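Structural characterization, general
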Amino acid sequence: MNGRPESGLTAAEAVLSRAASCRTWSQLAEAARLCTACPDLVVSRSSVVVGDAPHGCRLVLIGEAPGAEEDISGRPFVGRSGRLLDELLDGAGLDRGEIAVLNVVKCRPPRNRTPRSAETRNCSGWLNRQLDLLGAELICTLGLSATQHLLGRGLRLATARGRVHQAPAGRVVVTYHPSAALRFGPRGAPREALATDLGMIADLLAAR
Ligand code: URA
């Protein structure tokens, strides 16, 4: 599926078309697990981390890409960032068991490097179809990769957070990635911002 193969489709177009043909979450999960759009990621991955999607979820969280623990377990946000995320969700009164958790890129980039733009482009067909199928009330982007993916380049987290954005994918709230909160420590601004933003999300959901 890389380059422009006999089908005449680029890798990103082939993903888009395959994802569009999926009518259910389980069809999509099965198809995504077979994806070979990004050769560098295919050779190094242990699993395709499709994401968690509890039935009837009202909220979707979107991170960047799986790390080492996610690659091994096949589940998103189960490593250090995930443990902090769970703690902050708990603090905001949000139940992770009722929240969909996805990533922009479904395979772990080697040594946790930032996903390349071609990888993000290739994977976007899966993410966009996942958002269609879920039809959640609210999407929360964790960090710049997910934010720019949904709201466009040129946005800064510090100015984009604290309000609801209307995007083609739905209503979006922007916040920091838990890894930023880990980097700046328990008294750092990203952790406080994340706690505040998750609190705002809980209020928005409670008001509907
Ligand atoms: N960071 C992410 O962006 N996603 C994960 O699933 C884990 C860490």
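This write-up is about the structure you can find in this document.

All right, on to the overall build of the protein chain then. Secondary structure assignment for the protein chain yields ten helices and five strands. Judged by the C-alpha coordinates and their principal axes, the protein chain covers about 50 × 35 × 30 Å. Within the protein chain, the proportion of its 208 residues that are buried is 43%. Within the protein chain, contacts between residues separated by at least 24 positions form 68% of all contacts whose residues are at least 6 apart in sequence.

Between helix 5 (residues 80-91) and helix 10 (residues 189-206), the shortest axis-to-axis distance is 9 Å and the interhelical angle comes to 50°. With respect to helix 10, the element helix 5 is oriented oblique. Pair helix 5 / helix 10 crosses with right-handed handedness. Together, Leu-88, Leu-89 and Gly-91 of helix 5 and Leu-194, Ala-195 and Leu-198 of helix 10 make up the contact between the two elements. Each residue belonging to the contact of helix 5 with helix 10 can be placed in one class, and the counts come to five nonpolar, one polar and no charged.

This brings us to the nonpolar core. One finds Val-60, Leu-61, Ile-62, Ala-100 and Ile-139 to be the most contacted residues of the largest nonpolar core, which totals 53 residues. Among the elements that take part in this core, helix 6 (residues 117-134) stands out by supplying five residues, more than any other. With residues near it in sequence (within four places) discarded, Ile-139 still touches Val-60, Ile-62, Leu-131, Leu-150, Ala-169, Gly-170, Arg-171 and Val-172.

In terms of burial, strand 1 (residues 59-63) is a largely internal element, five of the five residues being buried. What you see with strand 1 is no split at all: Leu-59, Leu-61 and Gly-63 on one side and Val-60 and Ile-62 on the other are buried throughout. In terms of strand pairing, strand 1 meets strand 2 (residues 99-103) through five bridges, oriented parallel. What sits directly across from Val-60, in strand 2, is Ala-100.

Attention shifts here to the site of the ligand. With respect to spatial proximity, the complete set of residues near the ligand consists of Gly-63, Glu-64, Ala-65, Pro-66, Gly-67, Glu-70, Pro-76, Phe-77, Gly-79, Ser-81, Gly-82 and Asn-103. Partitioning the shell around the ligand into residue classes produces four nonpolar, six polar and two charged.

What follows is about the sheet that holds strand 1. By definition, the strands of a sheet pair up through backbone hydrogen bonds, in either a parallel or an antiparallel sense. The strand order 2-1-3-5-4 describes an open sheet built from five strands, whose pairing is mixed. In this open sheet, the two strands that pair with only one neighbour each are strand 2 and strand 4 (164-167). Along the sheet, successive strands turn relative to each other by an average axial angle of 30°, direction set aside. Sheet topology note: the strand 1/strand 3 (residues 138-142) ladder contains four bridges and is parallel. Directly across from Leu-61, in strand 3, lies its bridge partner Cys-140.

Taking 1.5 Å as the rise per residue, helix 6 with 18 residues should run 26 Å; its terminal C-alpha atoms sit 25 Å apart, in good agreement. The axis of helix 6 is deflected most strongly, by about 40°, at Ser-124. For helix 6, the complete set of buried residues consists of Glu-119, Thr-120, Asn-122, Cys-123, Gly-125, Trp-126, Leu-127, Arg-129, Gln-130, Leu-131 and Leu-134. Within two residues after helix 6, Gly-135 carries a phi angle of roughly 50°, on the positive side.

Here we come to unusual backbone geometry. Non-glycine residue Arg-111 carries a positive phi angle of around 50°. Looking at the secondary structure, you find Arg-111 in the loop between strand 2 and helix 6. Here the phi dihedral of Asn-112 falls at roughly 60°; this positive angle occurs in a residue that is not glycine. Relative to the helices and strands, Asn-112 resides in the loop between strand 2 and helix 6. Overall, Asn-112 belongs to the partly exposed group, with 15 C-beta atoms counted inside 10 Å.

Now for the pairing of strand 2. The element strand 2 is largely enclosed, with a buried count of five among its five residues. Neither face of strand 2 is left uncovered, since the one carrying Ile-99, Val-101 and Asn-103 and the one carrying Ala-100 and Leu-102 both have all their residues buried.

What counts, and at which threshold
Residues numbered from 1 in each chain as written. Predicted model: local features only at pLDDT ≥ 70, side-chain atom pairs only at ≥ 80, totals over all residues. Helix = DSSP H or I, 4+ residues; strand = E, 2+ residues; numbered from the N terminus. Buried ≥ 20, exposed ≤ 12 C-beta atoms within 10 Å, placed from the backbone. Contact = placed C-beta atoms within 7 Å. Axes fitted to C-alpha atoms, helices over the stretch in contact; angles between N-to-C directions. Parallel < 35°, antiparallel > 145°, perpendicular 65-115°, else oblique. Left-handed = near helix turned anticlockwise from the far one by under 90°. Nonpolar A, V, L, I, M, F, W, Y, C, P; charged D, E, K, R; others polar. Core = buried A, V, L, I, M, F, W, Y, C linked by C-beta atoms within 7 Å. Pairing = 2+ DSSP bridges. Near = placed C-beta within 6 Å. Expected span 1.5 Å × (residues − 1). Bend = angle between axes of the 7 residues up to and from the residue.

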